[in-house]
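What the coordinates show
Chain by chain, the residues:
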Amino acid sequence: MSKRGNRQLFPVITQSFLHRVRNQPDRMAYYTKQGAKWEGVTWKQYFDNIKALSLGLMDMGLKPGENVCLISNTRLEWAAADMAIVGAKAVTVPVYASNTADETAYIVNHCEARFIFVEDAKQLEKILAVRSQLPKIEKIIVFALPGTPETAKQKDVLSLTALRELGQRATNSDRFEKNLMATTPKDIMTICYTSGTTGVPKGVVLNFDNLMSILEDVDTVMGEHVGESDTILSFLPISHIFGKVESMASYHFGWTMY
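Residues numbered from 1 in each chain as written. Predicted model: local features only at pLDDT ≥ 70, side-chain atom pairs only at ≥ 80, totals over all residues. Heavy atoms only, no water.

Another aspect to go through is unusual backbone geometry. In this structure, K89 takes a positive phi of about 60° despite not being glycine. Among the structural elements, K89 can be located in the loop between α3 (76-87) and β6 (91-95). (Helix = DSSP H or I, 4+ residues; strand = E, 2+ residues; numbered from the N terminus.)

Further remarks concern the packing of aromatic side chains. A full pass over the atoms with the stated rule returns 13 aromatic pairs. Where F17 meets Y46, the ring centres are 6.1 Å apart and the plane angle is 85°; that geometry is what we call edge-to-face. Of this pair, F17 sits in helix α1 (residues 13-23) while Y46 sits in helix α2 (residues 43-59), and the two are 29 residues apart along the sequence. Each of the two residues, F17 as well as Y46, counts as buried. Members of the aromatic cluster, joined through ring pairs, are F17, Y30, W43, Y46, F47, F176 and Y251. (Phe/Tyr/Trp six-rings, centres within 6.5 Å; stacked < 30°, edge-to-face > 60°. Buried < 20%, exposed > 50% of the residue type's maximum accessible area, 1.4 Å probe, protein only.)

Our focus in this paragraph is the pattern of salt bridges. For side chains bearing opposite charge, pairing can occur when the charged atoms are close. This structure, assessed with the given rule, holds 12 salt bridges. A salt bridge links E228 to R20; its shortest N-O distance comes to 2.8 Å. Here the residue E228 occupies a position in the loop between α9 (208-222) and β12 (231-232), and R20 occupies one in helix α1, the gap between them amounting to 208 residues. Take E228: its relative accessible area is 37%, and that puts it in the partly exposed class. A relative accessible area of 7% means that R20 is categorised as buried. The network of salt bridges with shared partners includes E66, R114 and E138. (Salt bridge = Lys/Arg side-chain N within 4 Å of Asp/Glu carboxyl O.)

With respect to the helices and strands, the residue A121 is situated in helix α5 (residues 121-129). Of the residues examined, A121 reaches a relative accessible area of 38% and is grouped as partly exposed. Each C-alpha atom of the pair A121 and F17 lies 31 Å from the other, and the pair is 104 residues apart in sequence. Each residue touching A121, except ones within four places of it in the same chain, is listed here: A144 and P146. (Contact = heavy atoms within 4.5 Å.)

This part covers the nonpolar core. Across soluble globular proteins, nonpolar side chains show a tendency to be buried alongside one another. Within the largest apolar cluster, 57 residues are counted, with the highest numbers of intra-cluster contacts made by F17, Y30, Y46, L57, F117 and Y251. Top element by residues in this core is α3. It accounts for nine residues. Y46 has contacts with F17, Y30, V41, L76, A79, A80 and Y251, leaving out every residue within four places of it along the chain. Core analysis: the second largest hydrophobic core is formed by 23 residues, V108, V118, V157 and I191 among them. (Core = buried A, V, L, I, M, F, W, Y, C linked by side-chain atoms within 4.5 Å.)

What follows deals with the state of the cysteines. Counted under the stated rule, the structure contains zero disulfides. Looking at the unpaired C69, the closest cysteine sulfur is the one in C111, lying at 3.5 Å. The exposure class assigned to C69 is buried, which follows from its relative accessible area of 0%. (Disulfide = S-S within 2.5 Å.)

Turning to its location among the elements, P94 is positioned in strand β6. Taking the C-alpha atoms as reference, P94 lies 27 Å from M28; in sequence the two are 66 residues apart. Setting aside anything within four residues of it in sequence, one finds P94 in contact with L70, W78, T190, I191, C192 and S239.

Let us look at the pairing of β6. Burial of β6 is extensive: five of the five residues sit out of reach of the surface. Neither face of β6 is exposed, since V91, V93 and V95 on one face and T92 and P94 on the opposite face are all buried.

All buried positions along helix α7 (residues 160-168) are accounted for by L160, L163, L166 and G167. Across the axial projection of α7, the buried residues extend over an arc of 120°, all falling on one side. Looking at the buried residues of α7, the elements they touch are α2, α3, β7 (115-118), β8 (139-142) and β9 (157-159). (Arc of directions from axis to C-beta.)

With their axes 8 Å apart at the nearest point, α1 and helix α10 (residues 241-253) run at an angle of 55° to one another. Between α1 and α10, the interaxial angle falls into the category oblique. The two elements α1 and α10 meet at a crossing, and its hand is left-handed. Seen from α1, the contacting residues are I13, S16, F17 and R20; seen from α10, they are M248, S250, Y251, H252 and F253. Within the contact of α1 with α10, the residues separate by chemical class into five nonpolar, three polar and one charged. (Axes fitted to C-alpha atoms, helices over the stretch in contact; angles between N-to-C directions. Parallel < 35°, antiparallel > 145°, perpendicular 65-115°, else oblique. Left-handed = near helix turned anticlockwise from the far one by under 90°. Nonpolar A, V, L, I, M, F, W, Y, C, P; charged D, E, K, R; others polar.)

Next comes the structure, spelled out in structure tokens:
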């Protein structure tokens, strides 16, 4: 661990995240729009949510090193689900919300995911349309689960709230923090698939060292100009590696993100 100004550069972003939560629990980390109003989320609230989601995943049987797909536009739940997957020592596989059902099915099957996060009714419908082609999928977790009779019949569909409640009831609740602290630079962080414009999509494997190398460079170039006093507007797709870096950069720089 080294220092860059007043900031500490940790070997992995998971340690940066824990450091931020422990040292600034009541500071506003995010603002997310609910209707016409922006609602703030503190680092402690964000951490508690992620911990419950991660414990819920582990309680459902998610194993270290497994791939979990995530299909959503940019929103706070995307970042939370991503860290929940990381906290289970699993690997996030982003899928663009604009992908077709067949394109999505290819990626889900190729990475052999058993669990998949989807944003809303539109993304859920996409998955259900190719459900028979996804034999390995066990649970579909929906950020905004539509309360319709059709979805109620789907036993493999779970709301984000239900997953959180499962984690809140889980035993051995210190597993989450232990996993974050045990993460190493060479652990796989994500598998980002190419667009497939010249053939089938290819999965690009990136580890935590790749991420920290980028953040170190950003800190070197921009560290004197950005930090905790800044506000960031996030609109890039987190499914893209640039958006992913921006999402996790908050843990290092400590800015407030809208």
